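# Residue-level structure breakdown
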Amino acid sequence: MKSWGMFIDGDYHPSASGKTFPVENPKNGDVFAQVAEGEQTDVDRAVDVAHRKFAEWASLSGAERGDIMHRAADLLEKRLPELLPIEIDQIGRPLCEMRAQLARLPEWYRYFGAVARTQEGAVHPFSATHLDYTRRIPLGVVGLITPWNHPLLILTKKVAPALAAGNALVVKPSELAPITPLLLGEILAEAGVPAGIYNVVTGFGAGAGAALVNHPSIRKIDVTGGTATGKTIASLAGRNLTHVSAELGGKAAVILFPDMAVDRGVSAALFAAFIATGQTCVQGARLLVHRSIHDQVVSEMVRRTKALRLGDPRDPSTQIGPLVSEK
Ligand code: NAD
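Along each chain, residues carry numbers from 1 onward, in the same order as the chain's sequence is written. At least 70 in pLDDT is required for a residue's local features to be given in this predicted model, at least 80 for side-chain atom pairs to be given and counted, and no such filter applies to totals for whole chains, interfaces and linings, which use all residues. Heavy atoms from the whole structure form the basis of all side-chain values; hydrogens and water molecules are not counted.

## Some details on the sheet that holds strand β1 (residues 2-4)
By definition, the strands of a sheet pair up through backbone hydrogen bonds, in either a parallel or an antiparallel sense. Taking strand neighbours across the sheet as the criterion, the three strands line up as β1-β5-β4 in an open arrangement whose pairing is mixed. Strands at the two margins of the open sheet, each flanked by one partner only, are β1 and β4 (20-24). Across the sheet, the mean angle separating the axes of adjacent strands is 25° when strand polarity is ignored. By the convention used here, strands pair only if DSSP detects at least 2 bridges between them. In DSSP terms, a helix is any run of H or I states spanning at least four residues, a strand is any run of E spanning at least two, and both are numbered starting from the N terminus. Across three bridges, the pairing between β1 and strand β5 (residues 31-36) is parallel. Paired with Ser-3 across the two strands is Gln-34, which belongs to β5. Lines are fitted to the C-alpha atoms to define the axes, a helix being fitted only along its stretch in contact, and any angle between axes, read from their N-to-C directions, falls within 0 to 180 degrees.

Here is the structure:
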């Protein structure tokens, strides 16, 4: 079994308390890693480092940050085969889903690297005697809090723009999927992101997560998670007037009309219903079907649902893996 420290200032560190927590493979309940359990002291340490190092990153030109983001994309692409089985073992999502998801990650670093490179200010008409312009500057140290169900994807959606903009980051990943976010630190460091700009404090929401949200030096919190979590975080952050962006819980409706091939509509509805074994914010939880095709859709849905292949998430033919945890 492997032990993991927190990634702070370019290296792995145990928690100040020495506490760790287990990471279980949802396929069989096997504990395959012990990870440092960060709390207040560890968050303070990570935020202080990020605060001290922030200027080093923020003072680079957009083109320089863009180059590093492009290198990060290339390195990430190379290391995807190593990250893929770890993502699967952490959360139990099938290989076919996770391979497709991870393959898209490098694009985010390339895209936001290009945005950093081409960022322009604006000159606004104001008055004949004044020149009025806007220039975007980084916020400072930002806290990124992520859920378990798309560990690297949702992290990447936050990290790529925040880094490209010149911020220093402290990440609190889901306690169910903390390992790949730690490994991303190695990749970013190799790409040239200075030590102390991407930090990861592993631990639980009520410990490390709340300490991060409450920290007075954090300029913004970006959280993806459940709605109750988002409400708690927004109310805690409000005490310091810390900016918050939140992507929270929700389920989607799938609507099928008679002007489509029933087969294709059923494929889409099945995908929406069972992606991530139904554990995702965009899950198609409700199916609204035009009455003229209702019976046909229902019988096809039933037939094809029964044919879905449940099994070992690492098996390429598996379509439905285990739920992420007993809870
Ligand atoms: P969760 O709310 O349990 O946890 C999300 C993160 O918040 C975790 O890192 C957790 O440790 C942390 N956290 C919990 N309490 C906290 C607190 N008091 N202070 C600070 N941090 C705290 O969510 P989860 O089970 O990991 O993820 C599933 C949820 O996320 C679902 O509700 C799903 O709909 C939602 N989700 C939304 C999107 C979206 O884009 N809208 C995407 C993926 C998941």
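Here the narrative resumes, following the displayed structure.
## Side note on the nonpolar core
Tyr-109, Val-159, Leu-163, Leu-188 and Tyr-198 are the most contacted members of the largest nonpolar core, which has 76 residues in total. The leading source of residues in this core is helix α2 (residues 62-91), at 12 residues. Contacts of Leu-163, omitting those with residues within four sequence positions, involve Trp-57, Arg-65, Met-69, Leu-169, Leu-188, Val-193 and Ile-197. The definition of a nonpolar core used throughout is a set of buried Ala, Val, Leu, Ile, Met, Phe, Trp, Tyr and Cys residues joined through side-chain atoms within 4.5 Å. Partly exposed describes any residue whose relative accessible area lies between the buried limit of under 20% and the exposed limit of over 50%, with all areas from a 1.4 Å probe on protein chains only and scaled to the type maximum. Counting residues in hydrophobic clusters, the runner-up holds 10 residues, among them Leu-256, Ala-272, Val-297 and Met-301. Between two residues, a contact is recorded if the distance between any of their heavy atoms is within 4.5 Å.

## Some words on the side chain of Asn-199
Topologically, Asn-199 is positioned in strand β10 (residues 198-200). Residue classification places Asn-199 among the buried positions, given a relative accessible area of 0%. Any N or O atom pair separated by 3.5 Å or less is treated as a polar contact, with the protein-specific requirement of one donor-capable and one acceptor-capable atom, and with residues adjacent in sequence counted only for side-chain atom pairs. Within the structure, Asn-199 has its side chain in polar contact with the backbone nitrogen of Asp-9 (distance 2.9 Å). With sequence-adjacent residues up to four places away left out, Asn-199 is seen in contact with Phe-7, Ile-8, Asp-9, Ala-46, Val-49, Ala-50, Leu-169, Val-170 and Val-171.

## Observations concerning helix α4 (residues 105-118)
Multiplying 1.5 Å by the residue count of a helix minus one yields the expected span of that helix. Here α4 contains 14 residues, and its C-alpha end-to-end distance of 21 Å stays within 8% of the 20 Å for a straight helix at 1.5 Å per residue. The set of residues buried in α4 consists of Leu-105, Pro-106, Tyr-109, Phe-112, Gly-113 and Ala-116. Seen end-on, α4 carries its buried residues on one side only, within an arc spanning 140°. Away from its buried face by more than 90 degrees, α4 exposes Tyr-111 and Thr-118. As for α4, its buried residues are in contact with α2, α3 (95-103), α5 (151-164) and α6 (179-191). This arc is taken over the directions from the axis of the helix to the C-beta atoms.

## A short note on α6
The end-to-end C-alpha separation of α6 is 19 Å, in line with the 18 Å expected for 13 residues at 1.5 Å each. Along α6, 10 of the 13 residues are buried, which leaves the element largely enclosed by surrounding structure. Among the residues of α6, Ile-179, Thr-180, Pro-181, Leu-182, Leu-183, Leu-184, Gly-185, Ile-187, Leu-188 and Ala-191 are the ones counted as buried. Where α6 ends, the next residue or the one after it, Gly-192, has phi of about 115°, a positive value.

## Here we look at empty space enclosed by the protein
The definitions used throughout rest on a 1 Å grid laid over the protein atoms alone, on which a cavity is an enclosed set of points accommodating a 1.4 Å probe that cannot get out and a pocket is an open set flanked by protein within 12 Å on both sides along at least five of seven lines; lining residues are those having an atom within 4 Å of a point. Grid points are joined across faces, edges and corners, and a volume is the space filled by probe spheres set on the points. Under the defined criterion, the tally for this structure stands at one cavity of 30 Å³ or more. Reported here for the largest cavity is a volume of approximately 60 Å³. With three residues, the single largest contributor to the lining of the largest cavity is α6. Each residue is assigned to one class: nonpolar for Ala, Val, Leu, Ile, Met, Phe, Trp, Tyr, Cys and Pro, charged for Asp, Glu, Lys and Arg, and polar for all the others, Gly among them. Of the residues contributing to the lining of the largest cavity, the split by class is eight nonpolar, three polar and no charged.

## Focus: the site of the ligand
If a single non-hydrogen atom of a residue is within 4 Å of a molecule or strand, that residue counts as near it. The full set close to the ligand counts 25 residues, and Thr-146, Lys-172, Glu-175, Gly-226 and Thr-229 are the nearest of them. The side chain of Lys-172 places a nitrogen or oxygen atom 2.7 Å from an oxygen atom of the ligand. Between Gly-225 and the ligand, the recorded distance is 3.4 Å, taken from a backbone N or O atom to an oxygen atom. Considering the ligand on its own, with 850 Å² of exposed area, one finds that the protein chains cover 80% of that surface. Ranked by residue count, the leading element in the shell around the ligand is helix α7 (residues 205-214), at four residues. Split by residue class, the shell around the ligand holds 10 nonpolar, 12 polar and three charged. For every accessible area listed, the method is Shrake-Rupley and the probe measures 1.4 Å; residues are considered covered only by the protein chains on display.

## Examining the layout of surface pockets
Within this model, the largest pocket holds a volume of roughly 1,200 Å³. Contributing elements (two or more residues each) for the lining of the largest pocket: β4, α7, β11 (218-224) and α8 (227-238). Among the residues making up the lining of the largest pocket, the classes are represented as 21 nonpolar, 19 polar and seven charged. By volume, the second largest pocket amounts to about 770 Å³.

## Details of the side chain of Ser-174
Topologically, Ser-174 is positioned in the loop between β9 (168-172) and α6. Residue Ser-174 is classed as buried on the basis of its relative accessible area, which comes to 6%. When sequence neighbours within four positions are dropped, the list of residues in contact with Ser-174 reads Thr-146, Pro-147 and Trp-148.

## Some details on unusual backbone geometry
Working note: non-glycine residues mostly have negative phi, and peptide bonds are mostly trans. In this structure, Asp-9 is a non-glycine residue whose phi angle is positive, near 55°. Within the secondary structure, Asp-9 sits in the loop between β2 (6-8) and β3 (11-13). Taking the relative accessible area as the measure of exposure, Asp-9 reaches 29% and is therefore partly exposed. A positive phi angle, close to 55°, is found at Thr-277, a residue other than glycine. With respect to the element layout, Thr-277 can be found in the loop between α9 (262-274) and β14 (284-289).

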